[in-house]
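# Structural features, examined
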Amino acid sequence: MTYNKKSVEDIDVAGKRVLVRCDFNVPLKDGVITSDKRIVEALPTIKYLLEKGCKVVLCSHMGKPHSIFTEGFGLTKKEKQKVEALPVEEQAAAKAELLKKALDDKKKFTLKPVADRLNELLGNKVTFAEDIIGEDAKAKVAALKAGEAVLIENVRFDARETKNGADFAKELADFADVYVNDAFGSAHRAHASTAGVTSFVKETAVGYLMNKEIEFLGNAVESPVRPFVAILGGAKVADKLNVISNLLEKCDTLIIGGGMAYTFLKAKGYEVGTSLVDDEKVDYCKEMIAKAEANGKSNISWSESGFVNKEDRDLFNILQSVSGIGVKLALLILDEFSISELIDIEDFNNLELNMVNSLCENMSICVWRNGKSYSQSYINGIAQHELIIKDSSHKS
């Protein structure tokens, strides 16, 4: 299957300034990268551009930091709720303390460790800018020589990134003659560095990683080897409205995990306590459940096959029972959230590989799109069954 997307080889990039949106949202522990998989996957595109004598500007996000580079940045939604739950006389002090603590995000979510690793892999051809579109970034981009790169700081430190601010997108675009998107895990987001920037750059293309994922996903969905299974995760149903509807028409089994499973559970009439729910999409979930049934797909969730608690956490057996009765639409809760007091899953990393093997034992192909960071055992299990589409781990 072909797509109307130019690859990095389809345009003349020789000697040009190229802005590359990568996915360097790698897992860190105490400032140390615990898996450089995403960095390594970006190397083919970066090396190609460097070999063509390009001046390469790399950008990416890391986690979900506060927008500390934006004057007057505020608290996150969860932090606001935490403050509002306090007595009125304590709220001001609590807010001030949280804002002060938020400044630690500069150290926690910096891309400096990524730049260091890139230099190890590319022979010290990458400099690091301490800001995004500020004086340091501008100076280092201007100083680039052919065959060199600079990695600018975490784009989410600026509030305009996630709001797709046109002025921010234009300033990013001013760094380049060509824009290349090689961030498959972030490409679905209408952010400044993934969408807005394309309005201000004449030539755009996808990198090698992005192109490979697009081709594989297209073939997997349009001409699948059956049984065809899709796994969707993440928190927001709204992000995947068309995806859910389309996959119900194409796949044999659709597994919905992550936080958005709770919205489906609420649509089925279950109490979900304080769990994450997209209340505006409950009716949509009802429509999708009805569509699944109309297409001859049964519907089941853990809440119908037994709740899990601290004393009875045999997820493997539960999943065996789910897959053993020919379920076509399974709502699996694979997340840190819990349904009120009825479900309390503290840590099931040791069971994850068995879970995947149980679910995928009879599957020929699987499209995996996960919005949260599950352990590598998930991915190892998926790989054993040729379920190739990669996870988008580490809290995209």
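Right above here is the structure, for reference.
None of these values were measured; they are calculated from a predicted model. (Residues numbered from 1 in each chain as written. Predicted model: local features only at pLDDT ≥ 70, side-chain atom pairs only at ≥ 80, totals over all residues. Heavy atoms only, no water.)

## Here we look at helix α7 (residues 166-173)
- For α7, the complete set of buried residues consists of F168, A169, L172 and A173. Down the axis of α7, the buried set is contained in an arc of 140°. They therefore lie on one face.
- Against the buried residues of α7 lie β1 (17-21). (Buried < 20%, exposed > 50% of the residue type's maximum accessible area, 1.4 Å probe, protein only. Helix = DSSP H or I, 4+ residues; strand = E, 2+ residues; numbered from the N terminus. Arc of directions from axis to C-beta. Contact = heavy atoms within 4.5 Å.)

## Here we look at the nonpolar core
- Grouped together as the largest cluster of nonpolar side chains are 59 residues, with contacts concentrated most on F24, I46, L49, L58, V114, L118 and L151.
- Considering every element that reaches this core, the biggest residue donor is helix α1 (residues 37-51), with seven residues.
- Non-local contacts of L58, meaning those with residues more than four positions away in its chain, are made with V20, C22, F24, I46, L118, A149, V150, L151 and I152.
- Judged by nonpolar contacts, the second largest core, of 19 residues, contains L232, F264, C285 and M288. (Core = buried A, V, L, I, M, F, W, Y, C linked by side-chain atoms within 4.5 Å.)

## Regarding the pairing of β1
- By the criterion of burial, β1 is predominantly enclosed, with four of the five residues buried.
- Sheet topology places β1 next to strand β4 (residues 55-59); five bridges connect them, and they run parallel. Of the residues in β4, the one forming a bridge with R17 is K55.
- Where β1 lies against strand β7 (residues 178-181), four bridges are found, and the strand directions are parallel. Within the sheet, the bridge partner assigned to V20 lies in β7 and is V180. (Pairing = 2+ DSSP bridges.)

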